[in-house]
Each structure stands twice: as structure tokens, then as C-alpha cells.
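# Report on the structure
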Amino acid sequence: MTPALETRGLSIAFGGLKAVDAVSFSATRNKITTVIGPNGAGKTTLFNLISGGLRPASGTVMLDGRNVTGFGPAALQGSGLARSFQITNLFFELTVRENLGLAAQTLDPVINAFFPVGRRGRAADKVDELIERFGFAAKAHELVAALSHGEQRRLEIAMCLASEPQILMLDEPTQGMSHGDTEETARLIRSLSTEVTVLLIEHDIGLVMSLSDHVVVMHQGRKLSEGAPAEVRSDPAVQAAYFGHG
Amino acid sequence: MPDIMDYLQFILAPQMLNGLALGISVVLVALGLTIIFGLLDVINMSHGEFYAVGAFTALALSALGLNYWVLLALVPILLLPVGVLVERYLIRRVYDGGDRHVSTLLLTFGLALVIEDILKIIFGPNTHRPATPLPGATEILGVFIPTYRLALIGIGFVVIAAVALVVYRTRLGAMVRAASYDRNMAASLGVRVGWVYSGAYAFGIALAGLAGVLLAPIYSVFPTMGHDFILLAVTVVIVGGMGSIWGAVVAGISLTQVQAISALIISPVWGDAIIFGVMVVVLMFRPQGIFGRIGHA
Amino acid sequence: MLDRLDISLRANHVLFVILFTAAFVFGVMASMTGDRFYLRLATEALILSGLALSIDILLGFTGLLSLGQALFFGVGAYVSALVLREVPSFWLALGAASGASLVAGVVGGLIANRVRGVYFALITFGMAQIVAKIIYNTRSLGASDGLIGIPVVEIPLGFVTLSAGNPLEFFLVVLGGITLIYAGMSYVLSSPFGRVMIALKANEKRVPYLGYSTWAPRMVAYVLAAVIAGTVGGLYPMLRGFVSPELMFFSASGDALIMVIIGGSGTLVGAIWGAILLVAFKSVVGSWTEHHLIIVGLMFMAAVLFMKRGLIGLVKPMIERRLVRIEAAREMRKEGKAP
């Protein structure tokens, strides 16, 4: 079976520094694949290469066996890929509902772009569903700027789901969350993996071990190891480079 | 053959020398503009008005009997506190409100309107022609050039060199460049970023005022005198690379030469259109300008 | 319940209806007292309000500061004047002005949209300066004198024919035109496409990750704004009987920007109110002192510093709260839980 997402020899350098160096891995459909590694290992750069924020110097990105290397973020989103950001990246002057509406309106046919934003239709239904599912009913008309940090982080995930992607890339979704919020988010991510392929960057090792189906370890821009969580944990190279410090 | 020599000696050379005087003047105005942009990320739309303020201050003080050469030093010093106040109490308030470029541009645009009208209220709308401090002309290669223009070119070069020396070679300049490059990093290294910002703005304003004093004897003094000049200075800053001092010098001198020579070949009326054409083309293909920025070079 | 953006648009409509009614009453009363001067002035204010509104489409919604919007106003005015001197047809002149500004908008957009932020502002400024200087130096376009001798036109509206020479009739035609422009832009902004424009201002970097091009909506907004500016520019020579290069100078773009900021950016209707207030202010204060600029400048700075939504921002929140209450009451009734 073709993997949902596959990279081959993906590389980019900034100045002389090889931020991502010949990284190849694949993410299986409807499984959770997590990229871990110490700070500066190149995880977010890898995400940027896959999601079109950066163009790789060499290597390829395949979605469903289709070569999408060099596609921009908008084209990749159209191919079924959605991503969230490590630093909350939302429309702060708009309400929760408006944010979700913006993300969902690609579901409607293009011709709808020229009629007033409706209360009916696939996009509107999707927004209602997400507001319900993420518990934003009471805050649907609040400005995003007025939400708490945890709520903003949750909205980041909801925004990604609004376009019904096949691949969901979450960059540290629990960053800065309270313990309770983190657990709730973990439950949410697990429930998502029945519908979408999840690619995750996460720092909380406990969470990584319990959540992931497959773990990719990065170190200094290179892929150090990959495998099931238990395999990776017992890999001596990983222990030396990563667990050894903490 | 003698015709060509005559053309070079009596038409082209004086034209280029006049162009150089204009170029030096534009660079002086552009220096302040480029420092303020490079450091504060502010397009100072009121720069031309501060240039006019410098000229009018000199005019008023010389009426009190102060010597021109004293004013050359005094007027920029008088403008320093004005610059600090404007930065602290006006510009700083809109740094973090959304799009900094747009909000500061708008604020200084409003300030320009106010300053222009204040000048009109105090001095009236009329044009003043201060006497030149160095009357007469000097012969160079058989052509007579007004002595003050030559002095202006000399003084201008000294000021530009001094500014470049301060920015690129002193500890103060290093602090300023550090604050421009990474505000938080500079703060953690003990640089008082707030004062650096105020100081840089005030320095830029003082340079505009200095240019006003220097140029008053050549171009006349009137409340909207900054308008035409500032357009040229903005173009110089863009073409040279916003925030680059060497860029401003190179662009200022070469663009005014282009203008001076095109005035001879085509017609003087097309000079402005050509200059703005260069600006648009540079913005299209190399918006960062020919040279980099203060902190980034 | 309605989205905040919908409430905001509805509040704009309320403010527009107030303005329309006031303008209509003013027009009829001025006409009854036999006034020509103030009707002409008000017509000019409305024409300029179209230019201001086009700046607000870019600045208030898409987040692009144009410092050279008068370029398109001038293109429309000159093309309209040239057509009128040959064929005194209202619709032909207006159509030609719109068409020319459409072409100019596409060309200008392709140039200006290569860059962002402050570079965009400066490139729009530079383009306007170049075209203004070219016209200023072109004999066949009247050079610095501009074009004069534009005939008074008849305005056939199907059911009735009005005259641009009659101050009240032309005032009403322009008022109708501005109403159409306002309604059209409100419609665009209420569509999903309009939402993407607004998203560009709020957070441009995020937009491509939602699957939208950032270039295309910016370009469309720019061309729309150019066509609006050019179309109202086409009305100008019909009012004044002449056009001059000053129409394209920075002072014209700057004045329109002042109208937007003082009236309130990001509201459409604020630009129209701002245009009327500024023209009225200049005419009233200008009659007893030359120094209105200092007051305008101070108001402008105050708007930038303290009133992000301009003068409109002082009343609009009240209207919005009111609309929210009305809407809530209606929904309660619909659900059969009468209050």
C-alpha cells in the first residue's frame, strides 16, 4: 500500500548549516507518526519543507504516491494536507466562527465565493460541527485574541480539520498547555487518527510514547532512528543523543 | 574637436558639478531618513518638514545676529530634543499597533501637515532668500563656480564621512546596529533600546535640520520646501537600500548625476519622471535596494 | 446569531442610510433655496468620497496602503474629459473611464503586487508620480494647464434624462453612483471572497495554508479599487468642466487618505463620511482662516493614535450592540420562546 505521505532524501541548508539533511520517512494512512528530537534538530524545518513553506534544495515529497515537491502551501492544502503552527497563527481580529468559516469555505464549490457567506451548505455545517466538537459553542462569537492560550491551541487544530484534510500536520499542539488540556488534546488526536493520517511534532515524551504508532527521531538535521515507540526508546543511539540528556 | 572640449568644459562639467552639489544635499537629507528606517522601521514622512524647520530656525536666528557657521552647529543641536520628544511621545505609541510600517507612516504624515502649517503661521507663506555666507565665485578649469557650492560639497563630504564613521566604527554605532538587528538580544546585552531609538530618531532629525541650514543659501526657504526634496530623498533611500548609508551616498550622487545629464540630453522637465521610474523598477526587482540595511550589512 | 463581520457590515448600512437621507434632504433644501455653490461642493465631496472608498478597500480590508490612488482617479478624469470633448455622451465617457482605469489597475497591480508593506506604499506612490509628471509634460494633454472646455452633458437614465448642468440633478446622479459603489463593495465583502480579503489584512502568512492564493485576491482588490477610483474620476470633468495634472499629485492621494483615516478605515462608510466632513471643514474653516491644515493634521494624528476606527468608531459600536440585541430578540421569537 502506498503511504499517505513519504519523503525521500529531503534536504535544505541555511548558510552552511544543514537544517534538514537527507531525511526519508513515510507516514502510514490513518496512523499517528511523531517526529521527535532535541531543540534545533530540524523538526519544524522538516514540517515547512513538507507543507510548502520552504522549497527543498533536494529530495522529494510524495502524497499518496503523487510527487508534490515544490508545491506551495495553497496547492498542498488543495491536495488534502493541513498543518498547524508551533506559534499560534490565527486571525486574531476575527471571531472563532469566522476563523473556522475561512478555513472551511474551500469545501463549498468555487461559484459560492461570489454569493454572501451563507448559514447553510457544507462549509457552514462543518463549522457548526467543529464548534460543537471542540466545545466552542459559548465562545463562537468571541474574538480569537480574547481566547485563552489553551483555547487558541485547540482552535489551531480545529482550523486544520475544517477543510477535511487527509493528512494533518500538528506542530507541538500541546505547547504551553496545562496538564488537563494536554490530556484532553491527546484524546482528541487519538480520536482523529481514525479519519486522518496524523503527523505530529511533540516534546512531551510520555505523550509521544502513548500516542504514536510510529516515531521518527531527528538529531542535527538528520534522521537518527525510526520505528515503533518501544523500539525507538531502546535504540542506544537515540538514548545517547536524546534520552541520555533527560 | 574644440566644440566637444568646449561642451565638456563649459556645459557638461558645470552641470555635473551643480548636480554634485544637489547630490550631496540629497544625501544629507536621505542619511537621516535611512538611519531612521534602518533602525526604527519607520518611514519618516515628516522628514522634509524637519528639513524646512532647520532652514527656518537658521533664518530666524540669523535675524537675531547669529553667525552662519555657528548656526550650522547650533540648529542640529536644537533639533535633537525635538526628535527625542517626537519619538518618545508620538511614534513610540504606534510601534506595536498592528502594521508598524503603515501606522508610523501615517502618524508622521499627519505630523508633517501640522509642522508645515506651524511654519506658515510663524513665518508666513512667502519665500525667503538668505544671503550666502560665502559670496563670489571660484575659478576651476576656466569655469566660475559659486564658492558656496564648492564649500557645500566639501562640508557635505565631511558630514557624510563623520556619520558613517559614527555608525560603522564606534561603540555607539555598534550598539545602534545591534539594536537594529535584534532588539531583544541587544536589550539582554545591556543596550538601552528605548534610548537608542529616541537617539537615532533625534539624530536623523538633526541631520535633516543640518541639511536645511546648508541648503538655505542655495535653494530658497519656504514652508513647503521639503516637499520636492523629500521625494528625491525617499527615492535615494529606496534605490540605495533602506537603512544603508553607503547605499544612500552612492544612489544620491549617481541619481542626481543622471538627472543633471538627462536634463542636458533630453529636457530638464523629464528628470523627475526618470528618477521615479528608477525607483519603481528597483522596488519591483530588488525592493531591498542595491545595498543592505544598517544592522544586516 | 450573526458573525461579527455581518454585524459590522449592517452597522455600516445604518450609517450609510443616515448619510444618504441627510444628503437627499440637503440636496432638495439647497435646491429650493436656489443654492448652486454648496450643491456643487457637496457633489465634489461625493465624487472624492469614491476615491477615499477605493483607498479603504485596500487599507481597511486588504491591508494595503496605497499612496498613489489618485493615479486612477486622474486616469478616469482625463479619459472622460477626452471622450467628452469629442462625443458629449455621459455613458460613453463613464464607460471609457472605467475601462481605462481597469487596464491601468491591471498594469499597476502587476507592478505593485510584486512587493508588500511599505514597499507597496512607495511603489504606488512612485507610479502616480511618474504618470502625473508625464501628463504634466505632454502638450497634447494640455500639459500643466490641463484640459478645459468640457461640454455639459445630458444623462439619459432610461426613464428620465437629467443634466450635469443642473446642480441638483447631477448631485443626485452622483449620490446614486456612490450608493451603487457602496452596495457593490458591501456585497463583495460579505462573500467568501471578501472574507479572504479580510483574512489577508488580519494575517497574510496564514492564508496560503488555508488553501487560498494570496496574490489573486490582492490583485482583485487592487483592480476593484482602481476601477472605482477611475469611475468617480470620470464624473469629475462633468462637474468642473476641466481636468488638470494636480488631480494625480500626491496631495490628492494624501487628501483621500486623510478622509479615510479621519472618517474611519475598514468601514467603507467611514471614507464617505470622512470625505464629506473634510470638504465641509475646509470650506467652513477656510472661509475665515488659511490655517485649516494644522487642525486637519492634528485630527489625523489623533485618529492614528487614539481612534483606530476614526470618527465612525465613536458611534459604530453603539449601533452594533443595538443590532446584536435586535438579532437576539428575533432568534428568540423564531424559537418560540417569546421574551
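Everything numeric in this text was worked out from a predicted model, so none of it was measured.

### Some words on the overall build of chain A
What chain A contains, in helices and strands, is nine helices and ten strands. Its C-alpha atoms give chain A principal-axis dimensions of roughly 55 × 40 × 35 Å. Within chain A, the proportion of its 246 residues that are buried is 42%. The long-range fraction of contacts in chain A, counting pairs at least 24 apart against all pairs at least 6 apart in sequence, stands at 66%.

### Considerations on the overall build of chain C
Of regular secondary structure, chain C possesses twelve helices and two strands. Shown N-terminal to C-terminal, the secondary structure of chain C runs as helices and strands in the order α-α-α-α-α-β-β-α-α-α-α-α-α-α. Taken over the C-alpha trace, chain C has a radius of gyration of 20 Å; the compact-globule value for 339 residues is 20 Å, and the two agree within 12%. If you line up chain C on its principal axes, its C-alpha atoms span 70 × 50 × 45 Å. For chain C, buried positions account for 53% of its 339 residues. Within chain C, contacts between residues at least 6 apart in sequence are counted, and of these 76% link residues at least 24 apart.

### Overview of the domain arrangement of chain A
Residue and element names in this part refer to chain A. Domain annotation of chain A identifies domain 1 (1-80 + 165-246) and domain 2 (90-159). For domain 1 versus domain 2, the distance between C-alpha centres works out to 26 Å. With nine residues of domain 1 at the interface, the matching set in domain 2 holds six residues. It is helix 6 (residues 179-192) that contributes the most residues to the side of domain 1 that touches domain 2, three residues altogether.

### Quick look at the interface of chain B and chain C
Across the contact, 33 residues belong to chain B and 29 residues belong to chain C. Residue assignment for the side of chain B that touches chain C shows that the elements contributing at least two residues are helix 4 (100-123), helix 9 (225-240) and helix 11 (271-285) of chain B. For the side of chain B that touches chain C, the leading source of residues is helix 4 of chain B, giving 15 residues. Here the residues of the side of chain B that touches chain C are counted per class, giving 23 nonpolar, four polar and six charged.

### Structural notes on the pairing of strand 9 (residues 214-219) of chain A
In the case of a regular strand, side chains alternate between the two sheet surfaces. Residues and elements named next belong to chain A. Burial analysis of strand 9 places five of its six residues in the buried class, the great majority of the element. Pairing analysis gives four bridges linking strand 3 (residues 32-36) to strand 9, with the strands arranged parallel. Looking at strand 9, one finds that Val-35 is bridged to Val-216. Note that strand 9 and strand 10 (residues 222-227) share five bridges and pair antiparallel. Each bridged residue has a counterpart across the sheet, and for Val-216 the counterpart in strand 10 is Glu-226. Between strand 9 and strand 10, which pair antiparallel and follow one another directly, the connecting turn spans two residues, one of which, Gln-220, has a positive phi of 50°.

### Examining the sheet that holds strand 8 (residues 197-201) of chain A
All names here are of chain A. Strand order across the open sheet formed by six strands is 6-7-8-3-9-10, with mixed pairing between neighbours. In this open sheet, the two edge strands, each paired with only one partner strand, are strand 6 (81-83) and strand 10. Averaged over all pairs of adjacent strands, the angle between strand axes in this sheet comes to 15°, irrespective of strand direction.

### Some remarks on the interface of chain C and chain A
Tallying the contact residues gives 20 residues for chain C and 29 residues for chain A. At the level of secondary structure, the elements contributing two or more residues to the side of chain C that touches chain A comprise helix 1 (4-32) and helix 7 (192-203) of chain C. If one sorts the elements of the side of chain C that touches chain A by residue count, helix 7 of chain C sits on top with six residues. Split by residue class, the side of chain C that touches chain A holds ten nonpolar, five polar and five charged.

### Quick notes on the packing of helix 2 (residues 37-62) of chain C against helix 10 (residues 269-286) of chain C
All names here are of chain C. At a minimum axis distance of 7 Å, the contact between helix 2 and helix 10 shows a crossing angle of 140°. It follows from the interaxial angle that helix 2 and helix 10 lie oblique. Crossing handedness for the pair helix 2 and helix 10: right-handed. Side by side, helix 2 and helix 10 meet where Leu-41, Glu-44, Ala-45, Leu-48, Ser-49, Ala-52, Leu-53, Ile-55 and Asp-56 of the first sit next to Gly-270, Ala-271, Ile-272, Gly-274, Ala-275, Ile-276, Val-279 and Ser-283 of the second. Per-class residue counts for the contact of helix 2 with helix 10 are eleven nonpolar, four polar and two charged.

What counts, and where the lines are drawn
- Residues numbered from 1 in each chain as written.
- Chains lettered and ligands numbered in written order.
- Predicted model: local features only at pLDDT ≥ 70, side-chain atom pairs only at ≥ 80, totals over all residues.
- Helix = DSSP H or I, 4+ residues; strand = E, 2+ residues; numbered from the N terminus.
- Buried ≥ 20, exposed ≤ 12 C-beta atoms within 10 Å, placed from the backbone.
- Contact = placed C-beta atoms within 7 Å.
- Rg over C-alpha atoms; globule rule 2.2 N^0.38 Å.
- Domains from an automatic or database assignment.
- Nonpolar A, V, L, I, M, F, W, Y, C, P; charged D, E, K, R; others polar.
- Pairing = 2+ DSSP bridges.
- Axes fitted to C-alpha atoms, helices over the stretch in contact; angles between N-to-C directions.
- Parallel < 35°, antiparallel > 145°, perpendicular 65-115°, else oblique.
- Left-handed = near helix turned anticlockwise from the far one by under 90°.

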